[in-house]
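Observations on the model geometry
Letter by letter, the chains look like this.
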Amino acid sequence: MSKIESNMINDKNLQTYSTSDVVNYYQYLQQLQPAEETIIKLLKNKLSNMKMLDLGVGGGRTIQHFFPLVKEYIGVDYSVDMIKACQQRLSQSYPSIKLMVGDARNLSQFDDNYFDFILFSFNGIDYISHEDRLKGLQEIKRVGKSGGYFFFSSHNLQAIEKLFNWRCHFSLNPFKTYVNLVMFAFLRGFNSSINYPTIKQKNYAILRDESHNFRLRTYYIRASEQIKQLEPLFTDIKVFSWKTGLQLTTKQDMIFCNDMWLYYLCRIK
Ligand SMILES: C[S@@+](CC[C@H](N)C(=O)[O-])C[C@H]1O[C@@H](n2cnc3c(N)ncnc32)[C@H](O)[C@@H]1O
């Protein structure tokens, strides 16, 4: 991908995450996702000794669940408007909370080996280009302690690829078929260079999907490829279904999981 394309993806996504309707949407989210509940249970005995970085904190959905459990908490987002929304929402309940504008690709405000637990929840890592994603992973490893945890989710290419196949859109219900075909037309229209045979060949792709009315450029990756991407920097990589919160333990589980995104828990090398 050229530098110009990469900058365009990054700029458009930041612009979308600074738009008032999108900020409002995240400001009112409250509930944890099932895989996040699983991780709280898994780390429950350790969290009280952990310094946590909540990357892409957005409107603050995760704060009320994690801030009271950890030793130190810092929330970071590259959208000034998200951080303002978060402050408005939570600084009264948690006056000592640290929220700051910052970018996962350059965490130079933080020392090496500082955090025990880094969260990049609800696919925040999917809104930067491929090259920047790799840079972000390096930064996460740098600011995390060796043996510390990194937990994040990312869109599942395996799940969206079938939506590029027109044959999958027919149902016994004519209204459903009509809606599916309209969405298929939008998906193909917004991603005109990608079709079913080409997407099946890819291990990752940047796509415009229906979220926030096709305004975002979203990185989708197969679980096997995500694991390969993590392996140089992280160890003990586990994959979880976002819907059930259960671990996917076999290759088959990962290939056949149709969750639109998956969670990954790994330890910093
Ligand atoms: C889908 S929202 C999730 C918000 C929140 N974590 C939640 O779970 O409700 C993704 C968030 O990641 C932020 N984000 C995307 N790329 C980022 C980057 N490079 N550095 C910091 N934040 C980023 C966006 O501004 C947005 O607030």
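Our subject in this report is the structure included herewith.

Definitions and limits used
- Residues numbered from 1 in each chain as written.
- Predicted model: local features only at pLDDT ≥ 70, side-chain atom pairs only at ≥ 80, totals over all residues.
- Heavy atoms only, no water.
- 1 Å grid on protein atoms, 1.4 Å probe; cavity = no way out; pocket = protein on both sides within 12 Å on 5 of 7 lines; lining within 4 Å.
- Points joined across faces, edges and corners; volume = space filled by probe spheres on them.
- Nonpolar A, V, L, I, M, F, W, Y, C, P; charged D, E, K, R; others polar.
- Core = buried A, V, L, I, M, F, W, Y, C linked by side-chain atoms within 4.5 Å.
- Buried < 20%, exposed > 50% of the residue type's maximum accessible area, 1.4 Å probe, protein only.
- Helix = DSSP H or I, 4+ residues; strand = E, 2+ residues; numbered from the N terminus.
- Contact = heavy atoms within 4.5 Å.

1. A few points about empty space enclosed by the protein
Inspection of the entire model under this criterion finds one cavity of 30 Å³ or more. If you add up the space inside the largest cavity, you get close to 370 Å³. Forming the boundary of the largest cavity are 25 residues, of which Gly56, Gly58, Asp77, Phe120 and Gly124 lie nearest the centre. Of the residues assigned to the lining of the largest cavity, the class counts are 13 nonpolar, nine polar and three charged.

2. Structural notes on the nonpolar core
The biggest cluster of nonpolar side chains holds 29 residues, and the ones touching the most others in it are Leu53, Leu55, Phe110, Ile118, Phe120, Phe150 and Phe234. Of all the elements in the fold, those that place two or more residues in this core are strand 1 (51–55), strand 2 (72–77), strand 4 (115–120), helix 6 (130–143), strand 5 (144–156), helix 10 (223–230), strand 8 (234–241) and strand 10 (261–268). Sort the elements by how many residues they give to this core and strand 10 lands first, with four residues. Ignoring sequence-local partners within four residues, the contact set of Phe150 consists of Ile118, Phe120, Leu137, Ile140, Phe234, Tyr264, Leu265 and Cys266. Counting 28 residues, the second-largest nonpolar core is a separate cluster that includes Ala35, Ile63, Tyr149 and Leu265.

3. Let's talk about the layout of surface pockets
A probe matching the size of a water molecule, rolled over the atoms, marks out where space remains unfilled. Taken as a whole, the largest pocket encloses approximately 450 Å³ of empty space. For the lining of the largest pocket, the secondary-structure elements that each account for two or more residues are helix 2 (20–27) and helix 8 (174–190). Here the lining of the largest pocket takes four residues from helix 8, the largest share from any one element. Here the residues of the lining of the largest pocket sort into 14 nonpolar, six polar and two charged.

Note that all results are geometric; they support no functional claim without further evidence.
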